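# Structural overview
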Amino acid sequence: MFTNFKELEAYVLSHKNKKRIVLANAHDEPALSAVVNAHRRGVVDGTLLGKKDEILALLREMNEAPAEYEIVDFDGPELDAAKAAVQLVRESKADIPMKGILQTSSFAKAILNRETGLIPASGRLLVSQCGIFEYEGRFMMITDAAINIAPDVDTQIGIVENALPVANALGVELPKVAVLSAVENVTEKMPSTVSAAEIAKRGIPGCVVSGPLALDGAISMESVKHKGIHDPVAGQADILLVPFIEIGNVLYKSITYIAGKTMASTICGASCPVIITSRSDTPDSKYYSILLAVLRCLKA
């Protein structure tokens, strides 16, 4: 089981099994620098799709040889750039699509297209975001902080199902899932507690799921003992399922900006791992997001 990013990095580097990333709208210094960093370490090859002159200028600023990359000159609408990147994956000319300087909604729309997108073999298409960070000697996961705005119970269950292969790739065979709310008791005045209880009642194969749990009840054994909670997930959750996107987004950014932790992000549910990072994410976050996507390919 991986317990930190350095262990994850060492594993990926040791396998010397390069994957090809196609970076959509690659004329973006933060995203391009992450691809360059991963390429220099022998993790990925890069197909850079975007404004060629700007991409070349950025590569030279990074003291990187343009000849090391395949550059596809493209200057058009964001959605078309996303579709072009997805098409390269569909044609097996790339393994992993990554968002450069374009809106997440445009990138997601290209992935979700039922005719030209990245439909999994099952035919089911529910994509969701999953973030991982180091916490007390292990990885913890948050989902979904970027894609699904106000998921119903069935969608929340699908979000957990999407996250399970990520947990498995990290070496967690039977993840403990905490369905978050503000309290541990069910009350009609707080709808997230009702849906959490319904998810826990239904259960999800491949994991142990409990809810509702407040954040402290999900991750702190000290809090669990103080509150007198008796639950197999309480205090030791591997996956935190948030009730809606506002909670996920605030929690994700609080961990990054207030706690100062590095967060890696991946998009689950498509036919391959997808990398969508925020423009405000740190270079380390973008780099480790690439490593996480490559790890998922290796463990698939």
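Taken together, six strands build an open sheet; the order of strands is E8-E7-E9-E6-E5-E10 and the sheet is mixed. Strands at the two margins of the open sheet, each flanked by one partner only, are strand E8 (208–213) and strand E10 (264–268). Each neighbouring strand pair of the sheet contributes to a mean axis angle of 25°, computed without reference to strand direction. Pairing of strand E6 (residues 138–143) with strand E9 (residues 239–241) involves three bridges; the strand directions are parallel. Opposite Thr143, over in E9, you have Leu241 as the bridge partner. Contacting strand E7 (176–180), E8 and E9, helix H7 (residues 191–202) runs over the sheet at an angle of about 160° to E8. Those strands touched by helix H11 (residues 283–299) are strand E5 (128–135) and E10, and its axis lies near 40° from that of E10.

Turning to the nonpolar core, a few remarks are in order. Of all hydrophobic cores here, the largest spans 58 residues; its most connected members are Leu8, Leu48, Ile132, Met141, Leu170 and Ile290. Broken down by element, the residue count for this core peaks at nine residues, all from helix H6 (residues 153–169). In contact with Leu8, not counting residues within four places along its chain, are Phe2, Ile132, Phe139, Leu170, Leu291, Leu292 and Leu295. The next biggest cluster of nonpolar side chains, apart from the first, holds 23 residues, and it includes Ala24, Leu88, Leu102 and Ile111.

Within this structure, the stated rule accounts for five aromatic pairs. The interplanar angle of 75° and the centroid separation of 5.2 Å between the aromatic rings of Phe2 and Tyr11 together place this pair among those described as edge-to-face. A relative accessible area of 11% means that Phe2 is categorised as buried. Relative accessible area serves as the criterion here: at 23%, Tyr11 is assigned to the partly exposed category.

Now for the packing of helix H2 (residues 29–40) against H11. Helix-helix packing: each pair is described by the crossing angle between the helix axes and the interaxial distance. In the contact formed by H2 and H11, the axes pass within 9 Å of each other and the chain directions differ by 55°. Viewed along their axes, H2 and H11 adopt a mutual orientation that is oblique. Here H2 and H11 pass one another in a crossing that is right-handed. Contacts between H2 and H11 involve Pro30, Ala31, Ala34, Val35, Asn37 and Ala38 from the first element and Lys286, Tyr287 and Ile290 from the second. Of the residues in the contact of H2 with H11, the class split is seven nonpolar, one polar and one charged.

About the cut-offs
Residues numbered from 1 in each chain as written. Predicted model: local features only at pLDDT ≥ 70, side-chain atom pairs only at ≥ 80, totals over all residues. Heavy atoms only, no water. Pairing = 2+ DSSP bridges. Helix = DSSP H or I, 4+ residues; strand = E, 2+ residues; numbered from the N terminus. Axes fitted to C-alpha atoms, helices over the stretch in contact; angles between N-to-C directions. Contact = heavy atoms within 4.5 Å. Core = buried A, V, L, I, M, F, W, Y, C linked by side-chain atoms within 4.5 Å. Buried < 20%, exposed > 50% of the residue type's maximum accessible area, 1.4 Å probe, protein only. Phe/Tyr/Trp six-rings, centres within 6.5 Å; stacked < 30°, edge-to-face > 60°. Parallel < 35°, antiparallel > 145°, perpendicular 65-115°, else oblique. Left-handed = near helix turned anticlockwise from the far one by under 90°. Nonpolar A, V, L, I, M, F, W, Y, C, P; charged D, E, K, R; others polar.

Shape descriptors only; they carry no functional weight alone.
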